[in-house]
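What follows is the residue order along each chain.
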Amino acid sequence: MRAAIVLIVAAATLSGCVATGYTLVPSGQVAVSQGSMKIRSAGAWNKAPQGQFGLPQAEGWTRNGPVLDAIYFLGAIPDGQAIAKQRPEDERKVPVFHATMTPQDLTSMIESAYRIRGGVKIFETIGVKPVTFLGQQGVQFDYTFVNEDSVKRRGRSVIAVAGGKLYVMSLNATAIHYFDAALPDFQTMAASASTS
Amino acid sequence: MQGSRRDFVARAACASTLCCLSPMAWARLLPTDLTPLVSADYRPTEPDERGLWQQCDDLEREIASSKLLLDDAALKSYIRGVMERLLGSQAAQLRIYPMRHPEFNAAMTPNGMMIVHTGLLVRMRNEAQFAAVLGHESGHYLRRHTLQSWRSVRAKTATMAIFSFGGVFGLLVNAPLALSLFSFSRELESEADAYGLKLLNGAGYPPEAAGEIWSQLISERKASAADRKARYKDKSLSMLSTHPPTEDRMRDLTETAAELARASPEVPRDERRNEYLAAVTHLRPMLLEEQIKLNDPGGNLYLLQSLAQDGWDGQLRYFEGEVYRLRAEPGDDLRATQAYAAAVALANAPPEAHRAHGYALLRGGDREAGHQALKRYLELAPQAADAEMVRFTLSQ
């Protein structure tokens, strides 16, 4: 099973595969992650088939294909649940989410997900700073990573805990061109996000 | 990066790895009669071998420019020195590429390119153990195992159709499935073991170092399983495994090493632990970060304890705290807090130990001490990537 948060990362390594089942996301307000969040879509993004990411609360979008850019939503993860579907016997486990997590815990949980489920080999933190997300005090986490395909990518996750549940929006894209190209859309969507 | 199936098979055959094996009856090989089959100026002459070398040369160009290459001049120079101790002038035929990959593994191609994972570097306790791996892989090259393996695999190409994925780079560096599929027969692995021991012994290293590696790996995997309350399983019996340490292989290495040592008891031997530590110390934070963030608590704690055989320092205690923090089982908050407290009281504690200590104290309700620790972190690392977040925490 793949971790929801990094399936897009993993998908980015499968160059040459044919994407099927993607649907165009309409512009305007849309519900994501099983309706746990609402955001204002800028249009021109394509939603990956539901159920592709292991966790039902996960949803992925891409504009130019997941190898190049992807936005991922994860909503209403309850205390005690991991952001990846995993079994007790798994040798490596993505840390379980707890509502009492510090910013350090939240960011390292995401980093571990990238490394464990996304197969990321190099992960470097660029910045961690406070941000308002979903009307809550949240964390903005910026980083670069290199996967097995040896392509450098950039990522930004905005993270908030609301009502004891975890909400994440992540942008992953190639460091050359696509991250900067997608960032304005991502920021607009994140700023418009609300819990349903 | 997609190639034809033929390309895929050829490129896969480029690589031999530490992993093996087929569980069949066999007899222990002795190193005494093994001689190199590759001369110092060896170039392939047979058409199929020339083609294989060409494929591997292409692969090497990709590896050499990969972002996953650990480009560290000091380490490169050190590895070259170890190779020269082992092989003398023949070391010039081989090129070693350290790659960022947390798994324990190394690989050899027939054209003389060797890949060493960072997950191997972090687990070696001394130069003798590292040299044992380099010697084993050199044995594959000098005994021309990859060509034998390639000719064998080529005859089975039809069975490879199901693996028609992946590119060259992904195949070698991150596809243990494919690597193990093309791994050597047990006889060839055994021969490389024996040849490696011969090189190790001749270079003045204690030959038992080779067996120690597998012993450590088995202990690490057992510790990992115990933490998960799972049964240890010797995965080398699985074709898809990258873990090579069968108990019988380790036993054979130990017996042969003992024979070599008995044959020349007067030879002074040195595991060169200090030399190895000096070569990798500056890389250790990165090497440990790669392991700890994979959250395999039992295996990680075993690794840290083995690295602390000369005593705990602040860096190792910090990572011990990180293991408990990521595991987050009942009691781990306290264990992590204690480890961080120990770390910041010792030499060599990284600034992050103060940050982790501060957040652990805050979680435990000690606001004043927590803030003091976070302030100390900012004093030590004012330009830290998360400084703004930590300042915000202090303002709350």
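The structure presented is a predicted model; accordingly, all values stated were derived computationally and were not measured. (Residues numbered from 1 in each chain as written. Chains lettered and ligands numbered in written order. Predicted model: local features only at pLDDT ≥ 70, side-chain atom pairs only at ≥ 80, totals over all residues. Heavy atoms only, no water.)

Chemist: Would you explain helix α10 (residues 209-227) of chain B in this entry?
Modeler: A turn of α-helix holds 3.6 residues, and therefore any two residues three or four places apart point the same way. The terminal C-alpha atoms of α10(B), which comprises 19 residues, lie 27 Å apart, in line with the 27 Å expected from a rise of 1.5 Å per residue. One or two steps after α10(B), the chain reaches B:Lys229, where phi turns positive at roughly 55 degrees. (Helix = DSSP H or I, 4+ residues; strand = E, 2+ residues; numbered from the N terminus. Expected span 1.5 Å × (residues − 1).)

Chemist: Looking at this structure, how should I read the interface of chain B and chain A?
Modeler: On the chain A side, the residues contacting the 34 residues of chain B number 36 residues. Viewed at the interface, chain A and chain B are joined by 5 salt bridges. With a shortest N-O distance of 3.0 Å, B:Lys293 and A:Glu111 are connected by a salt bridge. Our count for the contact surface shared by chain B and chain A stands at 15 residue pairs in polar contact (both at pLDDT 80 or more). The class makeup of the residues in the side of chain B that touches chain A is 11 nonpolar, 8 polar and 15 charged. (Contact = heavy atoms within 4.5 Å. Salt bridge = Lys/Arg side-chain N within 4 Å of Asp/Glu carboxyl O. Polar contact = N/O pair within 3.5 Å; in protein donor to acceptor, adjacent residues only side chain to side chain. Nonpolar A, V, L, I, M, F, W, Y, C, P; charged D, E, K, R; others polar.)

Chemist: It is not clear to me how the packing of aromatic side chains should be interpreted in this structure. Could you clarify?
Modeler: To describe a pair of aromatic rings, one takes the distance between the centres and the angle between the planes. Residues and elements named next belong to chain A. According to the stated counting rule, one finds 14 aromatic pairs over all chains in the structure shown. On the numbers, 5.9 Å between centres and 40 degrees between planes, the contact of Phe123 with Phe141 is tilted. Separated by 18 residues along the polypeptide, Phe123 in strand β7 (residues 122-133) and Phe141 in strand β8 (residues 136-146) bring together distant segments of the chain. When its relative accessible area of 6% is taken as the criterion, Phe123 is described as buried. (Phe/Tyr/Trp six-rings, centres within 6.5 Å; stacked < 30°, edge-to-face > 60°. Buried < 20%, exposed > 50% of the residue type's maximum accessible area, 1.4 Å probe, protein only.)

Chemist: Would you mind going over the sheet that holds strand β4 (residues 46-47) of chain A with me for this structure?
Modeler: Within a beta sheet, neighbouring strands are joined by backbone hydrogen bonds and run either parallel or antiparallel to one another. Here 8 strands make up an open sheet; going across it, the order is β1-β4-β5-β6-β10-β9-β8-β7 (chain A) and the pairing antiparallel. Each of the sheet's edge strands pairs with one partner strand only, and the pair in question is β1 (23-24) and β7 of chain A. Relative to strand β6 (residues 69-77) of chain A, strand β5 (residues 58-62) of chain A runs antiparallel, the two being bridged by 4 bridges. The residue bridging A:Ala58 from the neighbouring strand is A:Leu74, located in β6(A). With respect to the sheet, helix α3 (residues 178-192) of chain A is in contact with β5, β6, β7, β8, β9 (152-162) and β10 (165-174) of chain A, its orientation differing from that of β10(A) by roughly 155 degrees. Packed on one face of the sheet, helix α19 (residues 387-395) of chain B meets β7 and β8 of chain A and runs near 40 degrees to β7(A). (Pairing = 2+ DSSP bridges. Axes fitted to C-alpha atoms, helices over the stretch in contact; angles between N-to-C directions.)

Chemist: Where do I start with the pattern of salt bridges in this structure?
Modeler: Side-chain pairing between opposite charges can occur once the charged atoms of the two side chains come close. All names here are of chain B. Inspection of the entire model under this criterion finds 35 salt bridges over all chains. One salt bridge in this structure joins Arg221 and Asp296, with 3.2 Å as the shortest N-O distance. Here the residue Arg221 occupies a position in helix α10, and Asp296 occupies one in the loop between α13 (284-292) and α14 (297-307), the gap between them amounting to 75 residues. Arg355 is the partner of Asp386 in a salt bridge, and the nearest nitrogen-oxygen pair spans 2.7 Å.

Chemist: Explain a negative patch on the surface here, please?
Modeler: On the surface, B:Glu208, B:Glu212, B:Asp270 and B:Glu271 cluster together to form a negatively charged patch. Here B:Asp270 lies in the loop between α11 (247-263) and α12 (273-280). (Patch = residues over 30% accessible without salt bridge, like charges linked within 9 Å, V, L, I, M, F, W, Y side chains within 5 Å. Areas by Shrake-Rupley, 256 points an atom, 1.4 Å probe, with all protein chains shown as cover. Lys, Arg positive; Asp, Glu negative; His and termini not counted. Charge placed at Lys NZ, Arg CZ, Asp CG, Glu CD.)

Chemist: Please explain helix α17 (residues 351-363) of chain B as it appears in this structure.
Modeler: For α17(B), built from 13 residues, the straight-helix expectation of 18 Å at 1.5 Å per residue is met to within 8% by its first-to-last C-alpha distance of 19 Å. Listed as buried for α17(B) are B:Ala353, B:His354, B:Arg355, B:Ala356, B:His357, B:Gly358, B:Tyr359, B:Ala360 and B:Leu361. The inward-facing, buried residues of α17(B) abut α2 (103-117) of chain A together with α15 (314-327), α16 (332-344), α18 (367-380) and α19 of chain B. Taken from the residues just after α17(B), B:Gly365 is the one with a positive phi, measuring 95 degrees.

Chemist: Hey, could you run me through the sheet that holds strand β3 (residues 37-41) of chain A in this one?
Modeler: All names here are of chain A. On the basis of which strands lie adjacent, the open sheet formed by 3 strands has the order β2-β3-β11 and antiparallel pairing. At either margin of the open sheet sits one strand with a lone partner, and together these are β2 (28-32) and β11 (194-195). For β2 and β3, the ladder comprises 5 bridges, and the chain directions are antiparallel. When the sheet's bridge partners are listed, Gln29 is paired in β3 with Arg40.

Chemist: Help me understand the nonpolar core, please; the structure alone is not making it clear to me.
Modeler: A general tendency of soluble globular proteins is for nonpolar side chains to be buried together. Among the nonpolar cores identified, the biggest contains 74 residues, and B:Met83, B:Leu86, B:Phe130, B:Leu134 and B:Leu200 are the most heavily contacted of them. Take this core: its biggest share by element is 8 residues, from helix α5 (residues 127-142) of chain B. With residues near it in sequence (within four places) discarded, B:Phe130 still touches B:Tyr78, B:Ile79, B:Val116, B:Leu120, B:Leu121, B:Met124 and B:Tyr276. Among the nonpolar cores identified, the runner-up in size contains 30 residues, and A:Leu55, A:Met109, A:Phe123 and A:Val139 belong to it. (Core = buried A, V, L, I, M, F, W, Y, C linked by side-chain atoms within 4.5 Å.)

Chemist: What's the story with the pairing of β8(A) in this structure? I'm lost.
Modeler: If a strand is regular, its side chains alternate between the two faces of the sheet. All names here are of chain A. Among the 11 residues that make up β8, 9 are buried, leaving the element largely enclosed by the rest of the structure. Where β7 and β8 come together, 11 bridges link them in antiparallel fashion. Counterpart to Glu124 in the pairing with β8 is Thr144. Between β7 and the antiparallel strand that follows it, β8, lie 2 residues; Leu134 among them carries a positive phi value of about 60 degrees. Of the pairings in the sheet, the one linking β8 to β9 comprises 8 bridges and is antiparallel in character. Within β9, the residue paired with Tyr143 across the bridge is Gly155.

Purely geometric stuff here, so don't read any function into it on its own.
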